[in-house]
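# Descriptive analysis of the structure
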Amino acid sequence: NAGVTQTPKFQVLKTGQSMTLQCAQDMNHEYMSWYRQDPGMGLRLIHYSVGAGITDQGEVPNGYNVSRSTTEDFPLRLLSAAPSQTSVYFCASSPSDTGFYDTEAFFGQGTRLTVV
Amino acid sequence: KQEVTQIPAALSVPEGENLVLNCSFTDSAIYNLQWFRQDPGKGLTSLLLIQSSQREQTSGRLNASLDKSSGRSTLYIAASQPGDSATYLCAVPSLYGNKLVFGAGTILRVKS
C-alpha cells in the first residue's frame, strides 16, 4: 500500500534551473495538492486539483506550474528556480473532489529542495 | 480568515507522563479537525480525524477531543514514550475545503 509517493526526496538546484517534483497516489483520490513548509511560515498551499484536467492556484503559486493529466499523478514544475524556493515540498491527497470537507488528508514524505 | 494556534510551542516531559496538547481555531464553522505527527525530516502522518459532529476520537494511547463552540481541540497522550517525540500539528479545512489551515505545531520531547 504505497499511498502518496514523492520523488525525489532531496534535490539541489542552481538558480535559474528548472525541474519537476513528482507526486503519485495509488488510492484513486480525486483531490491532490502541493504545499511548501518553511520555518516560521508553516505549511502553505501552492496549487491544487479536484480531478484530472482541473487545477487551481493556492496561496503561493508564483514560480510554479502544475498539470493533472491522470488521476494518479500531480507533478509540480519549478520554471526558473530561485533561492526563495528553497523549502520542503509536500504533496497531499483526499478521496473527495471537494477537498478536505469530510475526509482525511494523506501526505507524502516530502521533497527537500535547496536552490543555490 | 481561519487561524489555528497551538499551545505550547514546545514541551519536554519525562517518560510515562500523561500530556495534553492544545489547538484553537478562530472560526468555529469547521467540518473536521485533523491531528498529524511529523518526525524530523519526514512527512506528515495522520493520527486522528474528528468530524464536526463528533466530540472525540481515540486511537491507542491517543485521544483527541473537539469543542466547536469554544474553538478548541486537545490531543491527550497517555503514558508517553520516547518514541512519541515529534512535532504534532493540528489542521482544519478552509471555508471552501480546498486547503488545510495548519497550526505552527507543538514540538514534543519525551525523555527516557
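Residues numbered from 1 in each chain as written. Chains lettered and ligands numbered in written order. Predicted model: local features only at pLDDT ≥ 70, side-chain atom pairs only at ≥ 80, totals over all residues. Heavy atoms only, no water.

### Observations regarding the overall build of chain A
A tally of regular secondary structure across chain A gives zero helices and 11 strands. Counting helices and strands in the order they occur from the N terminus, chain A gives β-β-β-β-β-β-β-β-β-β-β. Principal axes of the C-alpha set define a box for chain A whose edges measure 40 × 30 × 25 Å. Burial statistics for chain A: of 116 residues in total, 48% are counted as buried. In chain A, the proportion of contacts linking residues at least 24 apart, taken out of those at least 6 apart, comes to 54%. (Helix = DSSP H or I, 4+ residues; strand = E, 2+ residues; numbered from the N terminus. Buried < 20%, exposed > 50% of the residue type's maximum accessible area, 1.4 Å probe, protein only. Contact = heavy atoms within 4.5 Å.)

### What to know about the pattern of salt bridges
Here the structure, examined in full by the defined rule, presents five salt bridges over all chains. The partner of Arg37 of chain B in a salt bridge is Asp39 of chain B, with the nearest N and O atoms 2.9 Å apart. The structure contains a network of salt bridges with shared partners spanning Arg36, Asp38 and Arg44 of chain A. (Salt bridge = Lys/Arg side-chain N within 4 Å of Asp/Glu carboxyl O.)

### What to know about the interface of chain B and chain A
When the parts of a complex come together, some accessible area is lost, and that lost area is often taken as the interface size. Residue-level contacts link 22 residues of chain B with 20 residues of chain A. Taken together, both faces of the contact between chain B and chain A bury some 1700 Å²; the carbon and sulfur share is 52%. Taken as a group, Leu44, Asn98 and Lys99 of chain B account for 28% of the area that chain B buries against chain A, more than any other trio of residues on that side. Ionic pairing is found between Lys99 of chain B and Glu59 of chain A, a salt bridge with its closest N-O pair at 3.2 Å. (Buried area = accessible area lost by both parts, 1.4 Å probe.)

### Points about the sheet that holds strand β1 (residues 4–7) of chain A
All names here are of chain A. Strand order in the open sheet made by the four strands is β1-β3-β8-β7, with antiparallel pairing throughout. Edge positions in the sheet fall to β1 and β7 (64–66), since each has one partner strand and no second. Each strand axis lies, on average, 20° off the axis of its neighbour in the sheet, ignoring direction. Here β7 pairs with strand β8 (residues 76–78) via three bridges, running antiparallel. If you follow Val66 over to β8, its bridge partner there is Leu76. (Pairing = 2+ DSSP bridges. Axes fitted to C-alpha atoms, helices over the stretch in contact; angles between N-to-C directions.)

### Things to note about the side chain of Ser80 of chain B
Residues and elements named next belong to chain B. Positionally, Ser80 belongs in the loop between β8 (72–77) and β9 (86–93). Within polar-contact distance, the side chain of Ser80 engages the backbone oxygen of Glu17 at 2.8 Å. Residues within four places of Ser80 in sequence aside, it is in contact with Val13, Pro14, Glu15, Gly16, Glu17, Leu19, Arg61 and Val110. (Polar contact = N/O pair within 3.5 Å; in protein donor to acceptor, adjacent residues only side chain to side chain.)

### Section: the packing of aromatic side chains
Within this structure, the stated rule accounts for eight aromatic pairs over all chains. For the pair Phe36 of chain B and Phe102 of chain B, a centre-to-centre distance of 5.7 Å together with 40° between the ring planes defines the contact as tilted. Taken together, the positions of Phe36 of chain B in strand β4 (residues 32–38) and Phe102 of chain B in strand β10 (residues 100–102) put the pair 66 residues apart, joining distant regions of the chain. Take Phe36 of chain B: its relative accessible area is 0%, and that puts it in the buried class. Positioned over the ring face of Phe74 of chain A is Arg68 of chain A, at 6.0 Å from the centre of the ring. (Phe/Tyr/Trp six-rings, centres within 6.5 Å; stacked < 30°, edge-to-face > 60°. Lys NZ or Arg CZ within 6 Å of the ring centre and 35° of its normal.)

### Observations regarding the pairing of strand β5 (residues 44–51) of chain B
Residues and elements named next belong to chain B. Relative to β5, β4 is paired through seven bridges, and the arrangement is antiparallel. Bridge assignment links Phe36 to a residue of β5, and that residue is Ser46. Counted along the chain from β4 to the antiparallel partner β5, the turn is five residues long, and its residue Gly41 has a positive phi close to 70°.

### Quick word on the sheet that holds strand β6 (residues 56–59) of chain B
Residues and elements named next belong to chain B. The five strands are arranged β1-β3-β8-β7-β6 in an open sheet whose pairing can be described as antiparallel. Looking at strand neighbours, the two that pair on one side only are β1 (4–7) and β6, the edges of this open sheet. Sheet twist, expressed as the mean angle between neighbouring strand axes with direction ignored, is 15°. Relative to strand β7 (residues 62–67), β6 is paired through four bridges, and the arrangement is antiparallel. Pairing of Gln57 across the sheet is with Ala64, part of β7.

### Observations regarding the pairing of strand β11 (residues 111–115) of chain A
Residues and elements named next belong to chain A. Of the two faces of β11, only the one carrying Thr111, Leu113 and Val115 is buried; Arg112 and Thr114 on the other face are not. When strand β2 (residues 10–13) meets β11, the two strands line up parallel, connected through four bridges. Note that in β11 the partner of Leu13 across the bridge is Val115.

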